[in-house]
Amino acid sequence: MVPMNSSGNSNGYSPHSLAAKPLRQRRGGRRSRDRDGVALPRAAEPERRPCTEFDMAYFQSYSHVGIHEEMIKFENGYGFNIYGEKSCHEDTLTLFKMHNQKSFTYDRVRTETYKSAIMQHQSFIAGKVVVDVGCGTGILSIFCAQAGAKRVYAVDASEIAIQANEVVKANNLSDRVIVLHGRVEDVEIDEGVDVIVSEWMGYMLLYESMLGSVITARDRWLKPGGLILPSSASLYMAPVTHSDRYKESIDFWRNVYGIDMSAMVPLAKQCAFEEPSVETISGENVLTWPHVVKQVDCYTVTIQELESVTTRYRFCSMMRAPLHGFAFWFDVEFSGPTIFPTSSDSPLCVGSLNDNSIDGSHKKKRANPNEALVLSTAPEDPPTHWQQTLIYFYDPVELEQDQIIEGSVTLSQSKENPRFMNIHLEYA
């Protein structure tokens, strides 16, 4: 199936590590990211990570207009599966392919939420200096200029920065939006910034995300009391049932035009479920309240904190149903900064309004929905191009109502390429 070791209910999986790497084709799924640059030393300049061949391939993948079109559109349907090929560097699953893609739908949820967040925080932005980390076509930079920003540094390490500069010119904003072609670690900005905006989230929140670039930009240029949009993020998981998906991918082979092709079933399971699948499910597929895998405060999170994330979970099934696997999704909140009082000899501590460090606890999908604007990719919310990420079992497990499902999950960055993510899931 996927990068999973199972304990208790064993479905015969051998240990795997999932390695996700930059995609060049990107329709119906989510883009990879972490490509942008900007620089201006503060008190102590953070160590700059060297640019690797993986970085160059990643940046190149963003030069195609299709990826940026997908940030505004997404293909609605089952999404795509991740089929495996062995990497020459390590025994990991690396190749993504997409399948079952359907009609275009505009991802209004993503774009309009960002625009609303920028306008909602106009008092923080008007007359201020903004950096857009991973600007892509420059749409968020232009929103910030429309909100009255004095100056916007739009940073992107891919060739799309060239087109972004033309977009800025076409909208007569060259006097306020400055496009910088380079990595956050490499470009230079000769002033502090008041606001950082970035659409950094990847599939499953952290897969190929640009959060490391946001952290670098924050540590280099953000003024005390500055604003980061989004301000916080939460990754969730829950057990799911999805009989239709299993029938479509597996049971189909048991009778094909009256021919018994059940010999294909083991290979079909491997191809369909060996790796995570990015697709859209509904709230009806979810068997329990979700579990918080990781909460991220963008004002305080460190790059080291993202190297490995482990949590233990314990679910109680709300119904009798076959358990087909686990789904992961995330939400992000757009909150203004809070400056906590400190002694006169210590620096100001900046955090988000909705700090919540209950890592790994059970809770509903958002902590304080009335206190901040939220962009959610939960199954019960309007779909986005991120969809949900599902880890399927080769064979379903029959659950009774109130049955306990417990175990642990670890998400870790590949030491070879931090954009790769290894997933180790245990359950009983």
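Here, every reference points to the structure presented above.
Just so it is clear, the model here is predicted, and its values are computed rather than measured.

(A) Region of interest: the packing of aromatic side chains. If you walk through the whole model with that rule in mind, you get 13 aromatic pairs. Judged by centre distance (6.0 Å) and plane angle (25 degrees), the rings of Tyr203 and Tyr207 are stacked. Just as Tyr203 is buried, Tyr207 falls in that class too. The interplanar angle of 55 degrees and the centroid separation of 5.4 Å between the aromatic rings of Tyr313 and Phe326 together place this pair among those described as tilted.

(B) Broad picture of the sheet that holds strand β18 (residues 404-413). Spatial strand order, β12-β18-β19: three strands in an open sheet with antiparallel pairing. Looking at which strands have only one partner, the edges of the open sheet turn out to be β12 (308-316) and β19 (421-427). Pairs of neighbouring strands in the sheet enclose a mean axial angle of 15 degrees, with direction left out of account. Here β18 pairs with β19 via seven bridges, running antiparallel.

(C) Inspection of helix α3 (residues 108-120) at higher detail. With 13 residues, α3 ought to run about 18 Å at 1.5 Å a step, and its terminal C-alpha atoms sit 17 Å apart, in line with that. Listed as buried for α3 are Arg110, Thr111, Thr113, Tyr114, Ala117 and Ile118. Angularly, the buried residues of α3 cover 165 degrees about the axis, an arc narrow enough to put them on a single face.

(D) Fine view of the pattern of salt bridges. Going through the model one piece at a time under the given rule, you end up with 15 salt bridges. Residues Glu166 and Lys169 are paired through a salt bridge, measuring 3.6 Å at the closest nitrogen-oxygen approach. Of this pair, Glu166 and Lys169 both sit in helix α6 (residues 160-170), separated by three residues, roughly a single helical turn. Among the residues examined, Lys169 registers a relative accessible area of 43% and is labelled partly exposed. One salt bridge in this structure joins Asp186 and Arg183, with 2.8 Å as the shortest N-O distance. Here the salt bridges do not stand alone but share partners, grouping Arg183, Glu185 and Asp186 into one network.

(E) Up close: the side chain of Thr216. Inspection of the secondary structure assignment puts Thr216 in helix α7 (residues 211-221). Apart from residues no more than four positions distant in its own chain, Thr216 is found in contact with Val184, Glu185 and Ile303.

(F) Summary view of α6. Turning to α6, its buried residues number three or more, namely Ile160, Ala161, Ala164 and Val168. Buried positions in α6, seen along its axis, are confined to an arc of 95 degrees and lie on one side of it. Asn172 occupies a position one or two residues after α6 and carries a positive phi of about 55 degrees.

(G) A look at the sheet that holds strand β4 (residues 129-133). Read across the open sheet, the five strands follow the order β6-β5-β4-β7-β8; overall the sheet is parallel. Here the strands that pair on one side only, and so sit at the sheet edges, are β6 (177-181) and β8 (222-229). Adjacent strand axes in the sheet meet at a mean angle of 20 degrees when their direction is disregarded. Of the strand pairs in this sheet, strand β5 (residues 151-156) and β6 are connected by five bridges, and their pairing is parallel. Within β6, the position partnered with Val152 by the bridge is Val177. Against the sheet, α7 makes contact with β4, β7 (193-197) and β8, and its axis sits at roughly 155 degrees relative to β8, the strand it touches most.

(H) Structural detail: the nonpolar core. Core analysis: the largest hydrophobic core is formed by 85 residues, its most contacted members being Trp200, Met201, Leu211, Met237, Phe326, Phe328 and Leu411. When residues in this core are grouped by element, the largest group, seven residues, is from strand β13 (residues 321-334). Counting 18 residues, the second largest nonpolar core, distinct from the first, contains Val240, Ala272, Ile281 and Ala378.

What counts and how
Residues numbered from 1 in each chain as written. Predicted model: local features only at pLDDT ≥ 70, side-chain atom pairs only at ≥ 80, totals over all residues. Heavy atoms only, no water. Phe/Tyr/Trp six-rings, centres within 6.5 Å; stacked < 30°, edge-to-face > 60°. Buried < 20%, exposed > 50% of the residue type's maximum accessible area, 1.4 Å probe, protein only. Pairing = 2+ DSSP bridges. Helix = DSSP H or I, 4+ residues; strand = E, 2+ residues; numbered from the N terminus. Axes fitted to C-alpha atoms, helices over the stretch in contact; angles between N-to-C directions. Expected span 1.5 Å × (residues − 1). Arc of directions from axis to C-beta. Salt bridge = Lys/Arg side-chain N within 4 Å of Asp/Glu carboxyl O. Contact = heavy atoms within 4.5 Å. Core = buried A, V, L, I, M, F, W, Y, C linked by side-chain atoms within 4.5 Å.

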